[in-house]
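Breakdown of the fold
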Amino acid sequence: MFSNISRFFVWIIMALVMVGLIGFGSVNFGGSGQSIGKVGDTEIDASAYFRELNAEFQGWQQQTSQNLTMAEAQEIGLDQRVLSRVIAITAVENETDRLGLSVGDQNLASRVTEIQAFQGPNGQFDRDTYDFVLEQSGLTAREFEETLRLEVARTILAGAVTSDLEMPDVYTDTLFGWARETRDFTWAPVTRSALEEPLPEPTEADLEAYYEANPDDFTTPETRQITYGWLKPEDVLDEIPMDDTQLQALYDQRIDEFQVPERRLVERLVFGSADEAQAAADRIEAGETTFDQEVQARGLSLSDVDMGDVTRRALGQAGDPIFALDAPGVVGPIETDLGPALFRMNAILSAQETSFEEVRDQLFEEYAADAARRLVRTRATEIDEMMAGGATLEELAAEGLITVDTIGYFDGNQDGIAAYAPFREAASEASESDFPEVTELEDGSVFALRLDEITPPALQPLDEVRDAVVAGWEAQTLTEALVARAEALIPQFESGAEAPSTVGLTEVLEEDIARTSFIQGTPSTMIETAFEMEEGTWQVVSGDGQVVVLGLTDVNAPDQDSAEAQEIKTTFGARVSQQIAADVQDAFAAALESDAGVTLDQAMINAVHANFP
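1. Quick notes on the overall build of the protein chain
- For the protein chain, the count of helices and strands is 22 helices and 19 strands.
- Compactness check: the protein chain gives a C-alpha radius of gyration of 39 Å against a globular reference of 25 Å for 613 residues, more than 25% above the reference.
- Based on the C-alpha atoms only, the size of the protein chain along its principal axes is roughly 95 × 85 × 80 Å.
- The burial tally for the protein chain puts 36% of its 613 residues in the buried class.
- Contacts in the protein chain between residues at least 24 apart in sequence constitute 72% of all its contacts with a sequence separation of at least 6.
- Of the accessible surface of the protein chain, which amounts to about 35,000 Å², a share of 48% is contributed by carbon and sulfur atoms.
- With 37 positive and 115 negative side-chain charges, the protein chain shows a spacing of 8 Å between the two charge centroids.

Right, dumping it as structure tokens:
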């Protein structure tokens, strides 16, 4: 049975076993046993649980760049997921023992010799290397080989359970056909001009009926009346002194930005010898060729020889002759670290010198903005302490520490300070018994708020929202009239007696439209509707304030035999087969656990957990 498994697949398994074991063989969990429980008669190895749990901790750290504590791991259920996985592995191992399934010594030995970690400099299995690697992992050869033997046996059993699990062609063909099918159709918008009669004027009864049928449209949301104090960096800018000493230091730190030396735009073409470089220079000077042609002749592009804008110093020996040019030109050959080279200077970039006085105000603005944010953070601590001592927002405002204002906050309000997500979150969660707390915003400002009152949702009187009711009634009435007109035209379109264009509608022809397509200016459900229709039929589609008539012309099936289709179906089928195989293996392991019975030693589990922070 072992020979039926792919050698490559088994080699991967063995490599994973090695990676899992290295470094964990010497862990001591205390107590007299090294088992955290049993599945049937097979012990659940404490070291295996530790290795799996440690791998999860390391994976978390790699993904989030944060360390995970055991308490946090338990809070998100990570330990339970790992424990379930280890129990499932042990359940399969218990079944292999019951069936007497094992791997012979000869086959096992041949696989061990294929593991790269055990090979010497000549690429062959080396016993000394084997012993050294296992010694470093804290394992004996017997322990490792037994672990490997069990791993391969479990894989054989799991493979037997899921063998020949392949998706039938009809499954992948059907899904591919559904996903890649396209349709041709005609659609036409039905607008007010298509109506045979104008819309009536609404009566008072019409408005009252519409108002009563749509109360949500005319109900104010729950509103939280909030008083808040806000301190922004710009509020304290006047308190920041202009210190020329600090500004000069800031100028000196950024001197490269304000004192830019003269530069040249330069290209460099390196040759294998001075003779080759000189010959090229002679050809260019004689007009027989150009620098561009020489670059091309070397099999290079201009981007390969471009040095960008460089200073005299950066050019080394080439600096003086290149900077001696007062117009674009070629110089050389010049010896460089890469060999003899020709240089082409393309442009002169003058030095840029900006004095301290010229940027003094700019530097102060930048310095003051940063200093103001620091001052706000300092004031925030003072404000927090004063509020903790009983000071109100109004008292803080009276002392000039903050600016106080009010807002009627409701879900969706993003005006003023409500444009900041932290404020919206605090406003939504505040209760009338809460004390104000200082919260910092992303722009460096801080705020504290107090919930004064909650106004429940309220239906506004009809007279106060009459204009909105009239607009809503007219929109609904227009849509109903357009739908009725469109439905009256459908039988004529399907019989062929009329076409949209013959009744004043503007037809739009669409070809090869996929399910995922979107057509601007149409109801959002139009594409979905087109894929539910039969050829030769028409339907009315309304939504998003629009009404259209839609006629399906052709259903275009995809080419199931194209190279692209075959590749997609093969890949998809393999992925689904793998998913089903994983589900079957999980179900198989669960059944084995149920049949054999599982017992756990919580004290040993806690001992494993004690090895983590």
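2. Observations concerning the pairing of strand 10 (residues 339-349)
- Pairing geometry for strand 7 (residues 263-270) and strand 10, over 8 bridges, is antiparallel. Along strand 10, the bridge assignment pairs valine 270 with alanine 341.
- In this sheet, strand 10 lies alongside strand 9 (residues 329-336) in antiparallel orientation, the contact comprising 6 bridges. For glutamate 335, the partnering residue across the bridge sits in strand 10 and is proline 340.
- Where strand 9 folds back on strand 10, the antiparallel hairpin that results is connected by 2 residues.

3. Focus: the pattern of salt bridges
- With the rule as written, the count across this model stands at 21 salt bridges.
- Between glutamate 56 and arginine 85 there is a salt bridge; the shortest N-O distance is 2.9 Å. Placement of glutamate 56 in helix 2 (residues 46-64) and of arginine 85 in helix 4 (residues 78-99) is noted, with a sequence separation of 29 residues between them.
- Look at glutamate 56 and you get partly exposed, because its relative accessible area is 28%.
- What emerges from the salt-bridge pattern is a single network uniting Glu52, Glu56 and Arg85.

4. Focus on the environment of aspartate 235
- For aspartate 235, the position within the fold is in the loop between strand 5 (223-231) and helix 10 (244-253).
- Relative accessible area serves as the criterion here: at 35%, aspartate 235 is assigned to the partly exposed category.
- Note: C-alpha distance between aspartate 235 and isoleucine 402 (167 residues apart in sequence) is 8.7 Å.
- Those residues within four positions of aspartate 235 in sequence are excluded, and the remaining contacts are Trp230 and Thr403.

5. Topic: the packing of helix 4 against helix 7 (residues 141-162)
- Two elements in contact, helix 4 and helix 7, have axes whose closest approach is 9 Å; the angle formed by their N-to-C orientations is 85 degrees. By the angle class used here, helix 4 and helix 7 are roughly perpendicular. Two secondary-structure elements touch here, helix 4 through Ile89, Val92, Glu93, Glu95, Thr96 and Leu99 and helix 7 through Leu150, Ala153, Arg154 and Leu157.
- Considered class by class, the residues forming the contact of helix 4 with helix 7 number 6 nonpolar, 1 polar and 3 charged.

6. Let's talk about the environment of valine 541
- Mapping valine 541 onto the fold places it in strand 17 (residues 538-543).
- Residue class for valine 541 comes out buried when judged on its relative accessible area of 3%.
- For the pair formed by valine 541 and alanine 530, sequence separation is 11 residues and the distance between their alpha carbons is 9.6 Å.
- In this structure valine 541 touches Pro523, Thr525, Met526, Thr529, Gln546, Val547, Val548 and Leu550, once residues within four positions along its chain are discounted.

7. Quick word on the nonpolar core
- Core analysis: the biggest nonpolar cluster contains 39 residues, and Ile36, Tyr49, Leu53, Phe57, Phe118 and Phe144 have the highest contact counts within it.
- Looking at this core, the element that brings in the most residues is helix 4, giving 8 residues.
- The contact partners of tyrosine 49, leaving out residues within four places of it in the chain, are Ile36, Asp79, Val82, Leu83, Val86, Ile605, Val608 and His609.

8. Here's the deal with the side chain of threonine 90
- Summarising the element assignment, threonine 90 is placed in helix 4.
- Among the residues examined, threonine 90 registers a relative accessible area of 4% and is labelled buried.
- When sequence neighbours within four positions are dropped, the list of residues in contact with threonine 90 reads Val39, Thr42, Glu43 and Ile44.

9. So, unusual backbone geometry
- Residue proline 333 follows glycine 332 across a cis peptide bond; omega there is 5 degrees.
- By the secondary structure assignment, proline 333 is in strand 9.
- You will see that aspartate 512, though not glycine, has its phi angle at about 50 degrees, which is positive.
- The topology assignment puts aspartate 512 in strand 16 (residues 508-513).

10. Quick notes on a negative patch on the surface
- Judged by side-chain charge, Glu382, Asp384, Glu385, Glu395, Glu399, Asp434 and Glu437 come together as a negatively charged surface patch.
- Among the elements that take part in the negative patch, helix 16 (residues 356-388) stands out by supplying 3 residues, more than any other.
- With respect to the helices and strands, glutamate 382 occurs in helix 16.

11. Regarding the sheet that holds strand 8 (residues 306-311)
- Pairing is antiparallel in the open sheet, where 4 strands are placed in the order 8-7-10-9. At either margin of the open sheet sits one strand with a lone partner, and together these are strand 8 and strand 9. Averaged over all adjacent pairs, the angle separating strand axes in this sheet is 35 degrees, with direction ignored.
- Relative to strand 10, helix 12 (residues 274-285) is tilted by about 40 degrees, and along the sheet it contacts strand 9 and strand 10.

Calculation rules
- Residues numbered from 1 in each chain as written.
- Predicted model: local features only at pLDDT ≥ 70, side-chain atom pairs only at ≥ 80, totals over all residues.
- Heavy atoms only, no water.
- Helix = DSSP H or I, 4+ residues; strand = E, 2+ residues; numbered from the N terminus.
- Rg over C-alpha atoms; globule rule 2.2 N^0.38 Å.
- Buried < 20%, exposed > 50% of the residue type's maximum accessible area, 1.4 Å probe, protein only.
- Contact = heavy atoms within 4.5 Å.
- Areas by Shrake-Rupley, 256 points an atom, 1.4 Å probe, with all protein chains shown as cover.
- Lys, Arg positive; Asp, Glu negative; His and termini not counted.
- Charge placed at Lys NZ, Arg CZ, Asp CG, Glu CD.
- Pairing = 2+ DSSP bridges.
- Salt bridge = Lys/Arg side-chain N within 4 Å of Asp/Glu carboxyl O.
- Axes fitted to C-alpha atoms, helices over the stretch in contact; angles between N-to-C directions.
- Parallel < 35°, antiparallel > 145°, perpendicular 65-115°, else oblique.
- Nonpolar A, V, L, I, M, F, W, Y, C, P; charged D, E, K, R; others polar.
- Core = buried A, V, L, I, M, F, W, Y, C linked by side-chain atoms within 4.5 Å.
- Patch = residues over 30% accessible without salt bridge, like charges linked within 9 Å, V, L, I, M, F, W, Y side chains within 5 Å.

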